[in-house]
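Notes for the structure review
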Amino acid sequence: MSEPLQPPRGTKDLIGAEARAHRAIAATLADVCERYGAEPIETPIFEQLGVFARTLGDSSDVVAKEMYVFEDRGGDKMALRPEGTAGVARAFIHASLFDTLPRAFYYFGAMFRYERPQKGRQRQFHQAGVEFLGTTGALADAEAIACAARFLRHAGITAPLTLEINTLGTPPERLAYRAALVAYFTAHRDALSEDSLRRLESNPLRILDSKDAGDKALVCGAPAFADFLTAESAQYFRDVLACLNDSGALGTIELRHNPHLVRGLDYYNHTAFEFTTTALGAQATVLAGGRYDGLLASMGGKDAPGVGWAAGIERLALLQPESAAARPCLALCALDEVAASHVLKLAEQLRGLTAKPVQTLRGAKLGKLLEKASKRGADAAFILGSTEAAAGTVTVKDLRSGDQVSGDSAALNDWAAAFLTR
Ligand code: ATP
Ligand code: MG
């Protein structure tokens, strides 16, 4: 016999309740984002490599180490999308939507990164995200963050969350800061991790984002970006904090300025933020985003600002309380082939009356069918044999109390309708 085929490493099948949990989060995203005037968008799961390579930056970890790149049969270089923003921006430019700004778009879907799989970190994972295009200023940033906080609240996340926030200033300010960081980390290069030594050459700001314990200790003593900000950028940041505090949008979420917060991707400026939790070990960030004013222009579009975020669905699902076992349903048990066709008819009538699950069961003895019904969480079982079918009657057993009643199917239809709405 051949060996059973394995799923690709770092992927996960979502079966039943898990798939339902993902879909519920997608529905929450839509519900919340529509309240902010955002519209749904769906872009391809693969794009030309340049869509990501050019926007995320060759030196970003995602492009350098994590992207799934392949050549298609026509010889074109393609990549599975590692994130959503670049694809949305590409689609926006392609559809020439600049005259319609401001617009906002939300998406939900699979993303792909070649990473070392662990709890809350997969190679195929899912993100829910939103991009607010064509708006700028502290209020726009605060509103995008308010949308994120509401999404997390409506998704039923009760674990304590912290909003870590920082400013990345403007490109010239970052350049000056970069020089100071290179000087600092070069002086401590012996203590840097291998990854960070590479980042020292390619993108020293990324060292601030390192997960390595030794790097983290060094980062504590690194120069602060605040010392390199212009008065204007510093004011912008203070305004974002004030808007967030004044609006009450964060609810119980703690707001914390983390001066070492940087985003993993290259295209951010001014506000950068992450919602973190202590409940997931090393994979602390559940939602991350920021402002990316240069992105659209860098992709060949007009110069238009943007701010957005993306949440990791696997991590959110881990934070959601375990859902109750099976969903309550009604089971219709057919004791023989004659009864089976009556059961189908009755089931179809009931499905017209209720949205709750109505399950048909057949092909076993009564005891076994009732056992299956209970396992599936049925509150009650309708029992039909050929005698009942001939007489036009049905027996109903309340599986919680054990009570059993018989009657004609019209009377039982009414009973079922009442039962299903209680
Ligand atoms: P991390 O620092 O954890 O690697 P990141 O900075 O690479 O995260 P982003 O690119 O900002 O992550 O993606 C936004 C969110 O998507 C993350 O906060 C996280 O919740 C989720 N995410 C990112 N990579 C993965 C992954 N490999 N598996 C599961 N979720 C992920
Ligand atoms: Mg990452």
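For the structure given in this document, a descriptive report is provided here. (Residues numbered from 1 in each chain as written. Chains lettered and ligands numbered in written order. Predicted model: local features only at pLDDT ≥ 70, side-chain atom pairs only at ≥ 80, totals over all residues. Heavy atoms only, no water.)

**A look at the site of ligand 1**
Ligand 1 sits among 16 residues. The nearest are Arg113, Glu115, Gln122, Lys211 and Arg263. Between ligand 1 and the protein, one listed contact pairs an oxygen atom with a side-chain N or O atom of Arg113 at 2.8 Å. Between Glu115 and ligand 1, the recorded distance is 2.6 Å, taken from a side-chain N or O atom to a nitrogen atom. Protein contacts shield 93% of the accessible area of ligand 1, which totals 590 Å² for the unbound molecule. Contributing elements (two or more residues each) for the shell around ligand 1: strand S6 (124-133), strand S10 (285-291) and strand S11 (306-312). (Near = heavy atom within 4 Å. Polar contact = N/O pair within 3.5 Å; in protein donor to acceptor, adjacent residues only side chain to side chain. Areas by Shrake-Rupley, 256 points an atom, 1.4 Å probe, with all protein chains shown as cover. Helix = DSSP H or I, 4+ residues; strand = E, 2+ residues; numbered from the N terminus.)

**Notes on the pairing of S10**
Of all seven residues in S10, six are buried; the element is thus mostly enclosed. Summarising the sheet, strand S9 (residues 269-276) and S10 pair through six bridges and their orientation is antiparallel. Paired with Asn269 across the strands is Arg291, a residue of S10. Two elements, S10 and S11, share five bridges in a ladder whose sense is antiparallel. Bridged to Gly289 within S11 is Trp309. (Buried < 20%, exposed > 50% of the residue type's maximum accessible area, 1.4 Å probe, protein only. Pairing = 2+ DSSP bridges.)

**Side note on the packing of helix H1 (residues 17-35) against helix H5 (residues 138-154)**
Following both chains from N to C, one finds H1 and H5 inclined at 140°, their axes separated by 9 Å at the closest point. As H1 runs across H5, the sense of the crossing is right-handed. Contacts from Ile25, Thr28, Leu29, Asp31, Val32, Cys33 and Arg35 in H1 reach Cys147, Arg150, Phe151 and His154 in H5. A class-by-class count of the residues in the contact of H1 with H5 yields six nonpolar, two polar and three charged. (Axes fitted to C-alpha atoms, helices over the stretch in contact; angles between N-to-C directions. Left-handed = near helix turned anticlockwise from the far one by under 90°. Contact = heavy atoms within 4.5 Å. Nonpolar A, V, L, I, M, F, W, Y, C, P; charged D, E, K, R; others polar.)

**A short note on the sheet that holds strand S3 (residues 69-71)**
Ordered by their spatial adjacency, three strands build an open sheet running S2-S4-S3, and the pairing between neighbours is antiparallel. If you trace the sheet from one side to the other, it starts and ends with strand S2 (46-48) and S3, each paired once. Ignoring strand direction, the axes of neighbouring strands in this sheet form an average angle of 35°. The pairing of S2 with strand S4 (residues 77-80) spans three bridges and is antiparallel. Paired with Gln48 across the bridge in S4 is Met78. In the packing of helix H2 (residues 49-56) onto the sheet, the strands contacted are S2, S3 and S4, and the crossing angle to S2 comes to about 75°.

**Considering helix H7 (residues 194-202)**
If you check which residues of H7 are buried, you get Ser196, Arg199 and Leu200. Take H7 and look down its axis: the buried residues cluster within an arc of 110°, on one side only. Relative to its buried face, H7 has exposed residues pointing more than 90 degrees away, namely Glu194 and Glu201. Close packing links the buried residues of H7 with helix H3 (61-66), helix H6 (171-187) and helix H8 (213-220). (Arc of directions from axis to C-beta.)

**Points about the pattern of salt bridges**
Side-chain pairs of opposite charge can arise whenever the charged atoms involved come near each other. Within the structure shown, the criterion is met by 14 salt bridges. We note a salt bridge from Asp141 to Arg291, for which the minimum N-O separation is 2.6 Å. You can see Asp141 sitting in helix H5 and its partner Arg291 sitting in strand S10, a full 150 residues away along the chain. As far as the burial class goes, Asp141 and Arg291 line up, both buried. As a salt-bridge pair, Arg400 and Asp379 come within 2.3 Å of each other at their nearest N and O atoms. Note that Arg400 is positioned in the loop between strand S15 (393-398) and strand S16 (404-408) and Asp379 in strand S14 (residues 378-384), a separation of 21 residues in sequence. Via salt bridges that share partners, Lys65, Asp195 and Arg198 belong to a single interconnected network. (Salt bridge = Lys/Arg side-chain N within 4 Å of Asp/Glu carboxyl O.)

**Thoughts on the nonpolar core**
Formed by 49 residues in total, the largest nonpolar core has its most connected members in Phe52, Leu181, Phe185, Leu208 and Leu296. Secondary-structure elements contributing two or more residues to this core are H2, H3, helix H4 (85-94), strand S5 (103-112), S6, H6, H8 and helix H10 (295-298). Counting residues in each nonpolar core, the second largest holds 46 residues, with Ala138, Ala155, Phe275 and Ala311 among its members. (Core = buried A, V, L, I, M, F, W, Y, C linked by side-chain atoms within 4.5 Å.)

**Here's the deal with unusual backbone geometry**
Following Leu101, the chain continues into Pro102 via a peptide bond in cis, with omega recorded as 0°. Within the secondary structure layout, Pro102 lies in the loop between H4 and S5. Located in the positive-phi region is Ser96, a residue other than glycine, with phi close to 50°. By secondary structure assignment, the location of Ser96 is in the loop between H4 and S5.

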